[in-house]
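Structural overview for review
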Amino acid sequence: MSELSFSVSLATDEGFLGRECNNPQCSRYFRVHTDSIADEMLCPYCGQRFASNDLFTQDQVDFLTEVAAEKAMEYAADELRKMFGKLERQTRGNKYVSFKAGPPYRAKTIQPRYAERKVDSEIVCPDCGSRFQVDGIFAHCVRCGIENMAVFDANLEVIRREAAAASDPQRALRHAYNDLVSMFESMCGSRSSAYSEEHGSFQDPYEARRFFKKHAKVDLLANLNDEQELAVRRVFHKRHAWQHSRGVITDRYVRKVPEDRELEGSQASLSMSEFESAVIAVRLMLDALPPKAP
Ligand SMILES: [Zn+2]
Ligand SMILES: [Zn+2]
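Everything numeric in this text was worked out from a predicted model, so none of it was measured.

1. Here we look at the pairing of strand β5 (residues 121–124)
Of the strand pairs in this sheet, β5 and strand β6 (residues 131–134) are connected by 4 bridges, and their pairing is antiparallel. Counterpart to S121 in the pairing with β6 is V134.

2. Re helix α4 (residues 205–216)
In this model α4 runs 16 Å from its N-terminal to its C-terminal C-alpha over 12 residues, within 8% of the 16 Å that 1.5 Å per residue would give. Packed against the buried residues of α4 are α3 (169–192), α5 (226–244) and α7 (272–287). Directly beyond the C-terminal end of α4, a positive phi value near 60 degrees is found at K217.

3. Focus on the environment of E227
Within the secondary structure, E227 is located in helix α5. The class for E227 is exposed, based on 10 C-beta atoms found within 10 Å.

4. Topic: the nonpolar core
Nonpolar side chains in soluble globular proteins tend to be buried together. With 33 residues, the main nonpolar core has Y177, L180, F184, V235, F275, A278 and V282 as its most contacted residues. Listing elements by their share of this core, those giving two or more residues are α2 (149–165), α3, α4, α5 and α7. No other element matches the 9 residues that α3 contributes to this core. Listed in part, the 20 residues of the second largest apolar core include L42, Y45, A139 and A154.

5. Topic: α3
The end-to-end C-alpha distance of α3, which contains 24 residues, comes to 34 Å, matching closely the 34 Å that a straight helix rising 1.5 Å per residue would cover. The set of residues buried in α3 consists of L173, A176, Y177, L180, V181, M183, F184, M187, C188, R191 and S192. Buried positions along α3 lie against α2, α4, α5 and α7.

6. Remarks on the domain arrangement of the protein
Here the protein is described as being made up of domain 1 (1–146) and domain 2 (164–287). Placing the centre of domain 1 and that of domain 2 at their C-alpha centroids yields a distance of 45 Å.

7. Observations concerning the sheet that holds strand β1 (residues 16–20)
An order of β1-β2-β6-β5 is seen for the 4 strands of this open sheet, with the pairing classed as antiparallel. Single-partner strands in this sheet number two, and they are β1 and β5. Neighbouring strand axes in the sheet, compared pairwise and without regard to direction, differ in orientation by 30 degrees on average. The pairing of β1 with strand β2 (residues 29–33) spans 5 bridges and is classified as antiparallel.

Conventions used here
Residues numbered from 1 in each chain as written. Chains lettered and ligands numbered in written order. Predicted model: local features only at pLDDT ≥ 70, side-chain atom pairs only at ≥ 80, totals over all residues. Pairing = 2+ DSSP bridges. Helix = DSSP H or I, 4+ residues; strand = E, 2+ residues; numbered from the N terminus. Expected span 1.5 Å × (residues − 1). Contact = placed C-beta atoms within 7 Å. Buried ≥ 20, exposed ≤ 12 C-beta atoms within 10 Å, placed from the backbone. Core = buried A, V, L, I, M, F, W, Y, C linked by C-beta atoms within 7 Å. Domains from an automatic or database assignment. Axes fitted to C-alpha atoms, helices over the stretch in contact; angles between N-to-C directions.

Below is the structure:
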């Protein structure tokens, strides 16, 4: 069978091409600047690697299929015309049969019926220079996969924007606390594998400290003052309380944050100022993380 090849350009939005993760558990949308597209790319959300050709969105696939069908029609019609053209010549002057080739078929120009979706944030990776755009919280650069402070900062912007626009501020703060801990966990997790096979638990700042002290000889809390250290413990353990005990301050919480002993039994209250203090502290902890390779 012969191959019919032709090229089609996909529409972009200011140079950004839509992509859809090919991991069925994720399937999320992001956009990559055409200058930053490589043969292999990572999903910024789940971190799985794919060939760039596996990241077409459904809209793009529909459009490409439609264009391909038109091109195939044109090709087939052309082949038929050639055949009939020959018959026409061969039967010229024959009084019983005659053939007349019809007008040529030209592929219709297919206009895409979609526009690339808008997304939240644009990131330029400080490590590889890739430009991409994502929706909400994410973890990786689409090209080098690194989790870095640019990712952290872009995520914080999203968290702050969502908290400011929220109709239910406490709910937004619960998300914010949760996202901050998830980011910390994910960045610690990606560094930890270079130092130990042990699965660290990074939802507790002291556990994270213990892990990196033991395996990489660094103290994540070394640069925090007492106030910052307290803010981190409060945010991490209030987040735990909201995840596991509907926000109720239990004895577990009090063991981790004895400063809040008198709050036992009540519901943990969250605030943007507490969140922001913890952000400064988490940043100091992440700065103290050992390099990606020992
Ligand atoms: Zn994904
Ligand atoms: Zn990168």
